[in-house]
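Observations on the three-dimensional arrangement
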2 protein chains.
Amino acid sequence: MKQTDAHNTRHYHHGDLYPTLLHAATDIISEGGSESLSMRKLADRVGVSRTAPYHHFKDKNALLCAIAEQGFKNVERLLEEVRVREKTESLSVIFTEYFHHYIKLAYQNREQYDLMFGREIWRHGSPTESLQTISRQHFKSWLNWIERLSEQDVIRTDDSPLRTAQVCWATLHGLCRLLNDGIYTEQSQLDEIANAAVEMMLKKPH
Amino acid sequence: MKQTDAHNTRHYHHGDLYPTLLHAATDIISEGGSESLSMRKLADRVGVSRTAPYHHFKDKNALLCAIAEQGFKNVERLLEEVRVREKTESLSVIFTEYFHHYIKLAYQNREQYDLMFGREIWRHGSPTESLQTISRQHFKSWLNWIERLSEQDVIRTDDSPLRTAQVCWATLHGLCRLLNDGIYTEQSQLDEIANAAVEMMLKKPH
DNA sequence: CAATCAATCTTGACAGTGTCAAAATATCGT
DNA sequence: ACGATATTTTGACACTGTCAAGATTGATTG
């Protein structure tokens, strides 16, 4: 399933190093985080020499950006699913479930998630041009959805949609880190906490 | 002012290395983050040999924990201030202002803040015993305050105080990361966003 | 089909990292 | 004054990212 379309990225000496590296790197990171990923070990595991990856990724930073991009594609897919269900189901239910899905996705790929939003890339590294675009794009999608939600009076919104989107996202993001880093809570409380957060935002007849 | 009480920690060859190291390390980190802090450069800057710090901090990890601890003492002080003002001023005003103060503090010491709650220590490193206690202690203080706030009907709370505390803190924390990492927003919007977040939590006659 | 060229990969090298073991030094209590 | 103990240093090891230069391969063109 991965080898079948092996020639849309051209195959080189090794086969197709680029996707192989990306995949292996994602694996390594999911186990021990980005600091456990060494360019040399990566090359080793894939079976090439230490500096071979540098012909496909300018930097370690560039490699990390590529991994983060994949993550953004995943969460974007989550929002697309929302848009589909939106036509037939209750908005508040979808909203609630999106929260749960998002948090679960973040938890199952926590290292990748940290890469997407963490300081390593955004503050100390330098985010790739393409990472910047996909990240902005995703926020736009989110903003759009929040706008639809407030138009339909589903969520509390005493402010501009932009502010609401920022605050809601901050809450969601904060929850993810809370759970991902295991601070102040455990994963068993996940569902309850997510529900409590949603309740705080929903404009329901309480 | 630092040398005056130089003998509560005994003075050694160098003078008092422990606080000197701690201070210098905090400085270095505040500029370039924890990954820019090298034990060797630190030792160099302070004027001792590479491995001297290892007699005061078991690890680089232990050093980072010590820095994080200082951060917790700072935020704890913020909550103490709240307890004082509580007797004379409006709770909702204090709550709002606490949000702004906390965010500002986090922003002004962002690297330290990341250390306090980030994966580096909590997930990949191993938090010191004393760091764990002070961190738990701080959440207890926060929880206490949230309890008082919901008893006085200041904030929305459809759930147990614990859940409310977790969600509110997640929101606050999420905002900090949002601003610290410069994702999806800029620092100029800080005040507005913080206000929007508070509004979402307050149970005011809207 | 052969020769050139560019893409891909490897080897060697350098400066930097955390940290351990053992040796050296200074300070303190007696 | 002396010996014990706390403090610091030197040496060493196995890592790390990444650059420059050379080697190899696959594709392209004459």
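The rules behind the values
Residues numbered from 1 in each chain as written. Chains lettered and ligands numbered in written order. Predicted model: local features only at pLDDT ≥ 70, side-chain atom pairs only at ≥ 80, totals over all residues. Heavy atoms only, no water. Axes fitted to C-alpha atoms, helices over the stretch in contact; angles between N-to-C directions. Helix = DSSP H or I, 4+ residues; strand = E, 2+ residues; numbered from the N terminus. Parallel < 35°, antiparallel > 145°, perpendicular 65-115°, else oblique. Contact = heavy atoms within 4.5 Å. Nonpolar A, V, L, I, M, F, W, Y, C, P; charged D, E, K, R; others polar. Near = heavy atom within 4 Å. Polar contact = N/O pair within 3.5 Å; in protein donor to acceptor, adjacent residues only side chain to side chain. Salt bridge = Lys/Arg side-chain N within 4 Å of Asp/Glu carboxyl O. Buried < 20%, exposed > 50% of the residue type's maximum accessible area, 1.4 Å probe, protein only. Core = buried A, V, L, I, M, F, W, Y, C linked by side-chain atoms within 4.5 Å. Domains from an automatic or database assignment. Buried area = accessible area lost by both parts, 1.4 Å probe.

Looking at an unreviewed UniProt entry, one finds chain A named TetR/AcrR family transcriptional regulator, with Amphritea opalescens as its source organism.

This brings us to the packing of helix H1 (residues 17-32) of chain A against helix H5 (residues 110-117) of chain A. If you want to describe how two helices pack, look at the angle between their axes and the distance between the axes. All names here are of chain A. Contact geometry of H1 with H5 gives a least axis separation of 7 Å together with a crossing angle of 100°. Between H1 and H5, the crossing angle belongs to the class labelled roughly perpendicular. For the pair H1 and H5, the contacting residues are Thr26, Ile29 and Ser30 in the first and Glu111, Gln112 and Leu115 in the second. Here the contact of H1 with H5 is composed, by residue class, of 2 nonpolar, 3 polar and 1 charged.

Another point: the protein's contact with DNA strand C. Contacts to DNA strand C come from 22 residues, most closely from Ser49, His55 and His56 of chain A together with Arg40 and Tyr54 of chain B. Expressed as a percentage, the sugar and phosphate content of the atoms of DNA strand C within 4 Å of the protein is 52%. Residue His56 of chain A places a side-chain N or O atom 2.7 Å away from a phosphate oxygen belonging to DNA strand C. One of the backbone nitrogen or oxygen atoms of Met39 of chain B is found 3.0 Å away from a phosphate oxygen of DNA strand C. Ranked by the residues each element gives to the surface near DNA strand C, the list is headed by helix H2 (residues 39-46) of chain B, at 3 residues. Taken together, the residues of the surface near DNA strand C break down into 7 nonpolar, 9 polar and 6 charged.

Turning next to the pattern of salt bridges. The final tally for this structure, using the stated rule, is 26 salt bridges over all chains. Of the charged contacts, one joins Glu111 of chain A and Arg119 of chain B as a salt bridge, the two residues approaching to 3.5 Å between their closest N and O atoms. One end of the pair, Glu111 of chain A, is in helix H5; the other, Arg119 of chain B, is in helix H6 (residues 119-124), on a second chain. Given the relative accessible area of 11%, Arg119 of chain B is considered buried. Ionic pairing is found between Glu192 of chain B and Arg163 of chain A, a salt bridge with its closest N-O pair at 2.8 Å. With Glu192 of chain B in helix H9 (residues 190-201) and Arg163 of chain A in helix H8 (residues 161-180), this residue pair bridges two chains. Judged by relative accessible area, Glu192 of chain B falls into the partly exposed class, the value being 47%.

Moving on, we get to the nonpolar core. Judged by nonpolar contacts, the single largest core of 140 residues is most densely connected at Tyr102 and Trp142 of chain A together with Tyr102 and Trp142 of chain B. Residue contacts for Trp142 of chain B: discarding those within four places in its chain leaves Leu79, Tyr98, Ala165, Cys168, Trp169 and Leu172 of chain B.

On to the domain arrangement of chain A, then. Size of an interface: often given as the accessible area lost when the parts come together. Residue and element names in this part refer to chain A. The assigned domain composition of chain A is domain 1 (1-57) and domain 2 (64-201). On a C-alpha basis, the centroid separation for the pair domain 1 and domain 2 is 28 Å. Counting from both sides, the interface comprises 10 residues of domain 1 and, opposite them, 8 residues of domain 2. For the pair domain 1 and domain 2, the summed buried surface comes to about 640 Å²; carbon and sulfur atoms form 75% of the total. Counting across the domain 1 and domain 2 interface gives 0 salt bridges. Residues of the side of domain 1 that touches domain 2, tallied by class, amount to 6 nonpolar, 4 polar and no charged.

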